[in-house]
Amino acid sequence: MRVLLAGGAGYVGTHTAIALLEAGHEPVMLDDLSNTSRVVTERVAEITGTSVPLVVGDAADDEIIESVFDEHGPFEAIIHFAALKAVGESVERPLDYYANNLDTTYALLRVGLAKGIRSFVFSSTGTVYSDPADLPFTEEATRDLVELSNPYSKSKLMNETVLADVQNAHPELNVTLLRYFNPVGAHESGLVGEDPKGVPNNLMPFVARVAVGVLPEVGVFGDDYDTPDGTGQRDYIHVVDLAEGHVKALENAHPGLVAYNLGTGNPVSVLELITSFEKAVGRELPKAMKPRRAGDLAATYCTPIKAERALGWKATRTIDDMTRDVWNWQQKNPGGYEG
Ligand code: UD1
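Quantities reported herein were computed from a predicted structural model and do not represent experimental measurements.

## Considerations on empty space enclosed by the protein
For the structure shown, the criterion picks out 2 cavities of 30 Å³ or more. In this structure, the largest cavity occupies an estimated 110 Å³ of space. Lining the largest cavity are 16 residues, with Glu194, Pro196, Pro205, Trp329 and Gln330 positioned closest to its centre. Looking at the lining of the largest cavity, the elements that each hand over two or more residues are α7 (203-211) and α11 (319-332).

Below you can see the structure in the form of structure tokens.
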């Protein structure tokens, strides 16, 4: 299947391109490279022995999308990864988040429908849930827009609504919403991985930079939560499992709209993640207890059973696999792709 990956050169998109190539599909990347590097295409070629075309451009620009269809199509499907994704930043820059995260969807749908795509897969988020009473989160536990705490999560839920209405108007279209939990890890080759710009906001890349000596210590944001060890629990999912979920979602798409949680279903605490990373590195890492981070929930994790039943997909990689692969990636690329 020929698939257009909008935002395809990013962290999840690159791993999905590899999984698609390995399953015999033909991905093409469209990416503005605002948060990644051209180098990923060389790395994908090194891993798979196949080169993936990359068009550099804005996924909110109809003319650019049309030119990608004309040059590399026809595409049977679009996977839409292109988005701004920093929760804190979205509170400071709401207009950028709403404009970018929705305009891309409008443009991809306008052109995609005109060109006859059959499937549209959307990168959504587990932050469309937020009520601890609903744990573990099922696909039915989405909140109302006003209950979500930040423009990033709201922009994702708004996209889900847009897609539901568009699917309703185009009953033959297959729409799949993939709600990611906390993607971490890297390809086992260490050739591709997460390459956040500046000081990372998220726990795993932060720990990796402490381990490699770029940052002095890990701050543990709160040890007085109502969790087994007092630190926050999350549903970390290996990015290669997540990528394989996209392949299964495409291969099992059917007319209608369906949402799937992509997570492991296993809550892992901040201290458990750090301990696992220390095992991978073979030494203790400097860490310090810090106050809770504003807006954090004590625990978020899903039940992924719907995806398992409908797609025959299940995350198989453990937290030790995730930390081992991040450490391998970080050691091989201490300065990221451009380093
Ligand atoms: C965040 C985003 C979410 C996004 C996900 C990507 C929020 C509210 N949500 O989730 O939209 O999909 O990243 O993986 O920002 N922690 C520390 N020290 C650190 C950093 C984090 O103790 O230096 C703790 C946090 O308090 C939390 C856990 O580690 O308990 C995970 O944090 P993080 O990796 O930032 O992910 P989320 O906040 O769950």
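The rest of the description comes next.
## Details of the packing of aromatic side chains
Counted under the stated rule, the structure contains 5 aromatic pairs. Look at phenylalanine 277 and tryptophan 327: their rings are 6.1 Å apart centre to centre, the planes differ by 70 degrees, and that puts the pair in the edge-to-face class. Here tryptophan 327 lies in helix α11 and phenylalanine 277 lies in helix α9 (residues 270-281), a separation of 50 residues in the sequence. With respect to class, phenylalanine 277 is no different from tryptophan 327; both count as buried.

## Concerning the side chain of threonine 303
Tracing the backbone shows threonine 303 in the loop between β13 (287-290) and α10 (305-311). Classification of threonine 303 as buried rests on a relative accessible area of 19%. Leaving out residues up to four positions away in the same chain, threonine 303 has contacts with Pro136, Phe137, Thr138, Glu139 and Asn261.

## Comments concerning the site of the ligand
Contacts to the ligand come from 17 residues, most closely from Leu203, Gly219, Arg234, Arg293 and Asp296. Leucine 203 has a polar backbone atom sitting 2.8 Å from an oxygen atom of the ligand. One nitrogen or oxygen atom from the main chain of phenylalanine 221 is found 2.9 Å from an oxygen atom belonging to the ligand. If the ligand stood free it would expose 740 Å²; the protein chains cover 87% of that surface.

## Details of the layout of surface pockets
When its volume is computed, the second largest pocket comes out at roughly 250 Å³. Around the second largest pocket, the lining comprises 18 residues; the ones closest to its centre are Glu22, His187, Val240, Glu244 and Arg317. Residue assignment for the lining of the second largest pocket shows that the elements contributing at least two residues are α1 (11-22), α8 (239-251) and α11. Top contributing element to the lining of the second largest pocket by residue count: α8, with 5 residues. Partitioning the lining of the second largest pocket into residue classes produces 7 nonpolar, 3 polar and 8 charged.

## Here we look at the nonpolar core
Counting 41 residues, the largest nonpolar core has Leu5, Val12, Ile79, Leu178, Leu250, Leu262 and Trp313 as the members making the most contacts within it. Within the residue set of this core, elements represented by two or more residues are β1 (2-6), α1, α2 (39-48), β4 (77-80), β6 (174-180), α8, β11 (256-262) and α10. Once you skip the residues sitting within four places of it in the chain, isoleucine 79 turns out to touch Val3, Leu4, Leu5, Ala6, Thr16, Leu20, Val121, His246 and Leu250. Among the nonpolar cores identified, the runner-up in size contains 25 residues, and Phe75, Leu109, Leu163 and Leu173 belong to it.

Calculation criteria
Residues numbered from 1 in each chain as written. Predicted model: local features only at pLDDT ≥ 70, side-chain atom pairs only at ≥ 80, totals over all residues. Heavy atoms only, no water. 1 Å grid on protein atoms, 1.4 Å probe; cavity = no way out; pocket = protein on both sides within 12 Å on 5 of 7 lines; lining within 4 Å. Points joined across faces, edges and corners; volume = space filled by probe spheres on them. Helix = DSSP H or I, 4+ residues; strand = E, 2+ residues; numbered from the N terminus. Phe/Tyr/Trp six-rings, centres within 6.5 Å; stacked < 30°, edge-to-face > 60°. Buried < 20%, exposed > 50% of the residue type's maximum accessible area, 1.4 Å probe, protein only. Contact = heavy atoms within 4.5 Å. Near = heavy atom within 4 Å. Polar contact = N/O pair within 3.5 Å; in protein donor to acceptor, adjacent residues only side chain to side chain. Areas by Shrake-Rupley, 256 points an atom, 1.4 Å probe, with all protein chains shown as cover. Nonpolar A, V, L, I, M, F, W, Y, C, P; charged D, E, K, R; others polar. Core = buried A, V, L, I, M, F, W, Y, C linked by side-chain atoms within 4.5 Å.

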